[in-house]
Amino acid sequence: MGVGKVVLVTGAARQLGGRFVRRIVHDPQVARVVAVDAVPPEQDLGGAEFVRADIRQPVIAKVLAQHSVDTVVHLDVTGTPLGSGGRTQVKETNVIGTMQLLGACQKAPTVQRLVVKSTTSVYGSAPRDPAVFHETTPVKSLPSGGFAKDAVEVEGYVRGFARRRPDVAVAVLRFANILGPDADTPLAEFFALPVLPTVFGYDPRLQFVHQDDVLDVLVLAAFDARRGTLNSGTFNIAGDGVLLLSQTARRLGKPTVPVLLPAVTWLGQVLRTAGVTDFAPEQIRLLTHGRVVDTTQMRDTLGFEPTYTTAETFHDFARSHGPGLLPPARLAAAVDRLAAAVPPAHGKEQGPWPTPR
């Protein structure tokens, strides 16, 4: 084997995992990429070695040992099932799979670096939340279910691993809502609906990160830190700025249907019936109260500058999905001019808000 890293990537059969594998497989710093998933990928992995393995099973320890893996990029933490799997399988893969993987990493002396995909939904969404979440902000109400709760548990196991293996560099990347032409996230599925259900009286602030920026920051975290930066720790990852939910609807050219807050449970059932897989109560709370994170550590410590702002990310997503029922460009320009002319009311749901950096 030549000089270079041996990188194991979990979740390789998914869009993000497959794209990341193809991105690094020919990188001069990489000797070999071991792509792992419980099901074969439909996409080409660019010459990486695919190993069909379920990370919920002890076999993952054998895979680490056989290939002398030194870098583990754990992307199999997600809110959407793959194939015919349901929510139970997703939770088991997220939580039990992470426990099994970390146990294997703990016993693997060759492992030097661990990168874990997480989410800003670990902060929850509540009426009395701070305007902006920092990585160290105490959470007032932990997520009670769904992917967000899984991510909280995953991060807890990762912190335990970091204490037991202080020699391993550990990076936890808390991504804002990932969007882009190929994004397969619950929020992408929500925005793909022909009509967008909203919570009456609320216009939450949302942040997005582009799928290409996700790849870029994963590469940055997986390799040795550049001079003057530190790529171990926990980092919020999001594009600059925010968009209101009403602005996203206008940019898509789609009508909204406001639903009274007491009917939120019914709204979740409607979304699940429409095929949006993980619109758990926590996801509904996001569409009620919103969430914005601070990205100072991403820039100053990790040394990462996203290519796309939140607005540019959403524009690329909207462009790739085609126009909605209304002419989006004309509608957005007109309403944005009106919004700029009329000062918004102060309050949790309305702003004005500082642009997070």
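Residues numbered from 1 in each chain as written. Predicted model: local features only at pLDDT ≥ 70, side-chain atom pairs only at ≥ 80, totals over all residues. Heavy atoms only, no water.

- An unreviewed UniProt entry annotates the chain as UDP-glucose 4-epimerase of Actinacidiphila bryophytorum.

## A short note on the pairing of strand β5 (residues 113-119)
Here is step 1 of the chain: Burial within β5 is extensive, with 7 of its 7 residues counted as buried.
Here is step 2 of the chain: Neither face of β5 is open: one carries R113, V115, K117 and T119, the other L114, V116 and S118, and all of them are buried.
Here is step 3 of the chain: Judged from the 4 bridges that link them, strand β4 (residues 71-74) and β5 form a sheet pairing that is parallel. The partner of H74 across the bridge, within β5, is V116.
Here is step 4 of the chain: Strand direction decides the pairing type here: β5 and strand β6 (residues 169-175), joined by 7 bridges, are parallel. Looking at β6, one finds that V115 is bridged to A171.
Here is step 5 of the chain: Assessed by its sense of winding, the connection that carries the chain from β5 through helix α4 (residues 146-164) to β6 is right-handed. (Buried < 20%, exposed > 50% of the residue type's maximum accessible area, 1.4 Å probe, protein only. Helix = DSSP H or I, 4+ residues; strand = E, 2+ residues; numbered from the N terminus. Pairing = 2+ DSSP bridges. Right-handed = clockwise from strand over helix to strand, strands pointing away.)

## Looking at the nonpolar core
Here is step 1 of the chain: In this structure, V9, F20, V73, L173, F175, L218 and I237 are the most contacted members of the largest nonpolar core, which totals 42 residues.
Here is step 2 of the chain: Looking at this core, the elements with two or more residues in it are β1 (5-10), α1 (15-24), β2 (30-37), β6, α6 (211-222) and β11 (233-237).
Here is step 3 of the chain: The element best represented in this core is α6, accounting for 8 residues.
Here is step 4 of the chain: V73 has contacts with V7, L8, V9, T10, F20, V115, L218 and A222, leaving out every residue within four places of it along the chain.
Here is step 5 of the chain: Judged by nonpolar contacts, the second largest core, of 28 residues, contains V51, V63, V72 and V158. (Core = buried A, V, L, I, M, F, W, Y, C linked by side-chain atoms within 4.5 Å. Contact = heavy atoms within 4.5 Å.)

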